[in-house]
Structures are given as structure tokens and as C-alpha cells.
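# Structural description and commentary
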Amino acid sequence: MTIIDAHAHLGEDCVFDETFTEEELLDKHRSHGIGLSIVQPASCHDLETVRTQHDAIFALSERYPGQFLGMANPNPHLKDDVYEEDVRRCIEELGFVGIKLHTSAHAVHPDSRDGRKVFEQGRKWGVPVMVHTGAGIPFANPSNLMAVAERFPDVNIVMAHCGMMIMAGETALAMERHNNLYADITWTAGFQIRRWAEAFGARRFLFGSDHADNAGAEIGKLRTCGLSAEDQAWIFGKSAEALYRIQPGRDDT
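The following refers to the structure shown. (Residues numbered from 1 in each chain as written. Predicted model: local features only at pLDDT ≥ 70, side-chain atom pairs only at ≥ 80, totals over all residues. Heavy atoms only, no water.)

Bringing the packing of aromatic side chains into the picture now. Taken as a whole, this structure holds four aromatic pairs when the rule is applied. Here Tyr-64 and Phe-68 contribute two aromatic rings whose centre-to-centre distance is 6.2 Å and whose plane-to-plane angle is 75°, an arrangement assigned as edge-to-face. The class of Phe-68 is buried, set by a relative accessible area of 0%. (Phe/Tyr/Trp six-rings, centres within 6.5 Å; stacked < 30°, edge-to-face > 60°. Buried < 20%, exposed > 50% of the residue type's maximum accessible area, 1.4 Å probe, protein only.)

With that settled, the discussion passes to the layout of surface pockets. In this structure, the largest pocket spans a volume of roughly 240 Å³. No other element matches strand E1 (residues 3–13), which puts three residues into the lining of the largest pocket. By residue class, the composition of the lining of the largest pocket is five nonpolar, eight polar and four charged. (1 Å grid on protein atoms, 1.4 Å probe; cavity = no way out; pocket = protein on both sides within 12 Å on 5 of 7 lines; lining within 4 Å. Points joined across faces, edges and corners; volume = space filled by probe spheres on them. Helix = DSSP H or I, 4+ residues; strand = E, 2+ residues; numbered from the N terminus. Nonpolar A, V, L, I, M, F, W, Y, C, P; charged D, E, K, R; others polar.)

Since one α-helical turn is 3.6 residues long, residues separated by three or four positions face the same way. Look at helix H9 (residues 229–243): 20 Å from first C-alpha to last across 15 residues, which is about the 21 Å you get at 1.5 Å a residue. Of all the bends in H9, the greatest, near 55°, is centred on Ile-235. Along H9, the residues classified as buried are Gln-232, Ala-233, Trp-234, Ile-235, Phe-236, Gly-237, Ser-239, Ala-240, Glu-241 and Leu-243. Here the buried face of H9 lies against E1, strand E7 (157–160), strand E8 (181–184), helix H7 (190–200), strand E9 (205–206) and helix H8 (215–224). Directly after H9, the chain includes Arg-245, whose backbone phi takes a positive value near 55°. (Expected span 1.5 Å × (residues − 1). Bend = angle between axes of the 7 residues up to and from the residue. Contact = heavy atoms within 4.5 Å.)

Further remarks concern the nonpolar core. Judged by nonpolar contacts, the single largest core of 45 residues is most densely connected at Phe-119, Ile-157, Phe-205, Phe-207 and Ile-235. Setting aside chain neighbours within four positions, we find Phe-119 in contact with Leu-101, Pro-110, Val-129, Val-131, Leu-145, Val-148, Phe-152, Val-155 and Ile-157. (Core = buried A, V, L, I, M, F, W, Y, C linked by side-chain atoms within 4.5 Å.)

This part is about empty space enclosed by the protein. Over the atoms rolls a probe the size of a water molecule, and in doing so it shows where empty space is left. Under the counting rule described, the total for this entry stands at one cavity of 30 Å³ or more. Approximately 40 Å³ is the volume attributed to the largest cavity. Lining of the largest cavity is provided by Ala-8, His-9, Phe-20, Thr-21, Glu-24, Leu-25, Lys-28, Ser-209, Asp-210, His-211 and Ala-212. Breaking the lining of the largest cavity down by element, the ones donating at least two residues are E1 and helix H1 (22–32). Counting residues per element, the lining of the largest cavity draws most heavily on H1, at three residues. Per-class residue counts for the lining of the largest cavity are four nonpolar, four polar and three charged.

None of the figures reported here should be taken as evidence of function without further support.
As C-alpha cells, this is what we get:
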């Protein structure tokens, strides 16, 4: 079974004072049998810094083909043409497979003017948009995504963290109403994942670590929370393969 980590970071985070390193990502792959990580920048606000981090993710994917893919995360409050150009560069030139909207780090409501342009780019390029949910109320409420899920029914939206326990009830409400909403299971209780997989289908949930040193805990949680082998296979990898159109056993060499 291929494990795909759909939520990983690389770089210096100026909002949460975190540092995500290449060595940690590689060690996570070796220690836990993770075959592929979809890597996004750490939180930063200016164009120069995020471009540098995007380039570092691309370089990592080039050095380790088949093990890493990129997800763009420029600040939505950048000027429209600047934001759109950086997303274009990431997808067309660097081969990234998704876009991130970090509601709390960038202080943006998903259905605000600047928030909506993220989903417009997801629609334009045909890639999923991952949105931070949970910590960071009111921007990070999962229920905020119901309006954009309806406004952009052709865009697949991944709710990072499933509301982080505190807003978990809104995650279920949103997923029940909108079939284009998915979720990664980082920082989510095992009993909730089991119940939601039964209610909405395991195909709508993706494995992620967020922090490399959290990978083992997230793997253990999925293996011990009562999921069937088939549901585990979907969450560990098949959901990400389908959503991000990843070929099993892909290798860019």
C-alpha cells in the first residue's frame, strides 16, 4: 500500500515560528514508508520569500523524482496579477498539483474577494484547493467553505485538519451538503475519522502529517481507529491519487 502525505511543508514559517527541513521530510519517508509527499511552503507573506520556497520545493522534487510534488501557497492578499502569475508559474513551470489557502496565517476569509481568487485559480488550472480549517476562528471555520463549495462546484476543496476538533461538527455539516469537499485527517481524532468514513466514504479523506515528526502518530491513528483495510487504503493513498491525478508508482525519471 502506497502512503501519500497530502499535507507537508518545507521552509521557514514567519507566522508560527516553525522550520521545516528537507532532512525531516526524507527521514519521514524512510522511517514510515511514505512513498510521496505533496509539499507546500511554510507560511510567509511576501512574494520574494514564497517564490524562494516554491523553488526549493521544485528542486527537492527534481532531486528525488517520484517522491515529492508541490503545492503553491502565495499570499492571496498580493495584487491580483502578482498572485495569478505566481500560481501560473508554480503549475505550468514547476509542475505543482494544487493551491493552498491558509485562512489564519494570511488572515483571509475563503468567501472574501481575495479568498475567492484562490478558487478561481483552482478552477482555471483544474487543481484542488486546500484550505486551513480549525485554529483561527472566524476565518478558519469549516462552514465558511459551504458558500465557496456552492460557488465553485467544479473545484475540489480539501479541508485541512477537519476543523481540528474544535470545529469538527462544522466539517461534517459541510461535507454532508457539498460533494466537492474533501478533508485531510491531520490533528483529527480517530473516532471522528471512522464515523465520517462510514458516513461520507473514505474516498473523501486524505492522509497527512503537517509536521514530519507527526507522521508516525497519524499513521498509528489510522491503523488503530477501527477502519476497514479498504478504507485505510483509500485514506493512506488512493484518495490522493484520485484527487491529484497521481499515477501509482509514478517516477519522473
